[in-house]
Amino acid sequence: MTTEAADTAELLSRAREALETYLEVHVDDDGALTFSHNGVPCVIQSTQLAEGLTVLSLTCVVGWDLPDDPAFAAKAAERAGQGLFGTLGVQHAERGLDLTLRYAFPAQGLEIAALGTLLMLVVSTASQLRSELT
């Protein structure tokens, strides 16, 4: 196993341990972590951007096939500007709007408890957005 593969696998293992305090977590064949919080499906992946800089990337699907109207898009954009943890993405799809919340951060060196708190802040934000926007 290369150093990069070992670093990303170790970080995903720590993220899994941190999340399992709160949620049931599944490990996919490619090593990604998948879970759901209040009906919001989420995935965590790990990538080494440079030597010594391995990041976790968390994506939560806030909603899909939502009404594609200007008022809703404006409400989503306004809400996106209020968030501290993550970037709200609005994608125009064939059947309506899809909303995702994404957050990427360097996570090496974080203690398990701190990592769990940070991840749950993002996941909780996604769940709150879902209840507000859907």
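Definitions and cut-offs
Residues numbered from 1 in each chain as written. Predicted model: local features only at pLDDT ≥ 70, side-chain atom pairs only at ≥ 80, totals over all residues. Heavy atoms only, no water. Salt bridge = Lys/Arg side-chain N within 4 Å of Asp/Glu carboxyl O. Helix = DSSP H or I, 4+ residues; strand = E, 2+ residues; numbered from the N terminus. Buried < 20%, exposed > 50% of the residue type's maximum accessible area, 1.4 Å probe, protein only. Expected span 1.5 Å × (residues − 1). Contact = heavy atoms within 4.5 Å.

**A short note on the pattern of salt bridges**
Next up, step 1: Following the criterion strictly, the structure yields 2 salt bridges and no others.
Next up, step 2: The partner of Arg14 in a salt bridge is Glu10, and the shortest N-O contact between them spans 3.6 Å. In this pair, Arg14 and Glu10 are both assigned in helix H1 (residues 3-19), 4 residues apart and thus about one turn of the helix distant.
Next up, step 3: Measuring nitrogen to oxygen at the nearest pair gives 3.5 Å for the salt bridge that ties Glu20 to Arg16.
Next up, step 4: Relative accessible area serves as the criterion here: at 29%, Arg16 is assigned to the partly exposed category.

**Comments concerning H1**
Next up, step 1: A rise of 1.5 Å per residue sets the reference length of H1, with its 17 residues, at 24 Å; its end C-alpha atoms lie 24 Å apart and thus fit the reference within 8%.
Next up, step 2: Taken together, the buried residues of H1 touch strand S2 (33-37), strand S3 (40-50), strand S4 (53-66) and helix H3 (112-133).

**A word on the side chain of Ser127**
Next up, step 1: As for its position among the elements, Ser127 is in helix H3.
Next up, step 2: The exposure class assigned to Ser127 is buried, which follows from its relative accessible area of 11%.
Next up, step 3: Among residues more than four places away in sequence, those in contact with Ser127 are His37, Asn38 and Val40.

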